[in-house]
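# Inside the fold
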Amino acid sequence: LNEIAKSIIPTFGYSNSMDNIRKIMQKDLIHGYFIQGADVSVSHFPAFVTTYCTRFPRLETLRILGDEKTSLTLQVRSHTRLALPLFQSIVTISLYNVYFSTLSDFAWLIGSLPRLCELTIRRTSFQREGILSLRDARVLNALHLHSISVRPLTGPPLMSMLIC
């Protein structure tokens, strides 16, 4: 039945904005069931997570895209932290030009995805590096990354956190 449904219903690979995602959801008869990947801008990330955390059961790849021209920070606040673990199917996350407000926000983002195996980081930085609290470190304890790609290297705190 699954194979029949895949052949009849068009699958949507990547979607890059909340407007595009909303349009797909309106046209999609099964409301996002076959969406496997999404591109989300830093500015739309919190809304994306809280709105679609239970609607994309097959979402395996998430790319978060920042803008080099603006310095919008990705903040992972409490409502986003609660919704992130509901993305049970995400195995790959890529961060491009993402500017985090704190190292803690980065830790919560990658540590909250239960099946995360691959992490790609390109041109990512932190407003305040600081140190991780015990609560933040516990979130990272469950990480089981098989592949990490970081370019350019963004400093010792990030690398030591990922390697430990």
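Keep in mind it's a predicted model, so treat the numbers as computed, not measured.

### Observations regarding helix H3 (residues 45-52)
Structurally, the α-helix is built with 3.6 residues per turn, so residues lying three or four positions apart point the same way. Turning to H3, its buried residues number three or more, namely Phe-45, Phe-48, Val-49 and Tyr-52. Viewed along the axis of H3, the buried residues span an arc of 105°, placing them on a single side of the element.

### Points about the packing of aromatic side chains
Any aromatic ring pair is given by two values, namely how distant the centres are and how the planes are angled relative to each other. Taken as a whole and judged by the stated rule, the model has five aromatic pairs. Among the aromatic side chains, those forming a connected cluster through ring pairs are Phe-48, Tyr-52, Phe-56 and Phe-87.

### A short note on the sheet that holds strand E2 (residues 61-65)
Here we have five strands laid out as an open sheet, ordered E1-E2-E4-E6-E8, and parallel in their pairing. Strands with a single pairing partner mark the edges of an open sheet, and in this sheet they are strand E1 (37-41) and strand E8 (147-151). The average angle at which neighbouring strand axes cross in this sheet is 10°, direction not considered. Pairing geometry for strand E6 (residues 118-122) and E8, over five bridges, is parallel. What sits directly across from Arg-122, in E8, is Arg-151. Of the strands in this sheet, E1 and E2 are in contact with H3, which crosses E1 at around 140°.

### Description of the pairing of E2
Where E1 meets E2, five bridges bridge the pair, whose relative direction is parallel. Looking across to E2, one finds that Ala-38 is bridged to Leu-62. This β-α-β element, E1 to H3 to E2, shows right-handed connectivity. In this structure, E2 lies alongside strand E4 (residues 92-96), joined through five bridges in parallel fashion. Each residue of the ladder has a partner; that of Leu-62, found in E4, is Ile-93.

### As for the nonpolar core
In terms of nonpolar packing, the biggest core is built from 37 residues, with Phe-48, Ile-64 and Leu-109 touching the most fellow members. If you list the elements that add at least two residues to this core, you get E1, H3, E2, E4, helix H5 (103-111), E6 and helix H6 (134-141). Here the element with the most residues in this core is H5; it accounts for six residues. Sequence-distant contacts of Leu-109, defined by excluding residues within four places in its chain, comprise Phe-45, Ile-64, Leu-74, Val-76, Leu-84, Ile-93, Leu-95 and Phe-100.

### Re unusual backbone geometry
Across the chain, the bulk of peptide bonds are trans and the bulk of non-glycine residues have phi less than zero. Phi at Asn-97 takes a positive value of approximately 55°, unusual for a residue other than glycine. Mapped onto the fold, Asn-97 is located in the loop between E4 and strand E5 (99-102). Despite not being glycine, Arg-123 shows a phi value in the positive range, around 50°. Relative to the assigned elements, Arg-123 resides in the loop between E6 and strand E7 (125-128). Under the relative-accessibility criterion, Arg-123 is labelled partly exposed at 45%.

Criteria and thresholds
- Residues numbered from 1 in each chain as written.
- Predicted model: local features only at pLDDT ≥ 70, side-chain atom pairs only at ≥ 80, totals over all residues.
- Heavy atoms only, no water.
- Buried < 20%, exposed > 50% of the residue type's maximum accessible area, 1.4 Å probe, protein only.
- Helix = DSSP H or I, 4+ residues; strand = E, 2+ residues; numbered from the N terminus.
- Arc of directions from axis to C-beta.
- Phe/Tyr/Trp six-rings, centres within 6.5 Å; stacked < 30°, edge-to-face > 60°.
- Pairing = 2+ DSSP bridges.
- Axes fitted to C-alpha atoms, helices over the stretch in contact; angles between N-to-C directions.
- Contact = heavy atoms within 4.5 Å.
- Right-handed = clockwise from strand over helix to strand, strands pointing away.
- Core = buried A, V, L, I, M, F, W, Y, C linked by side-chain atoms within 4.5 Å.

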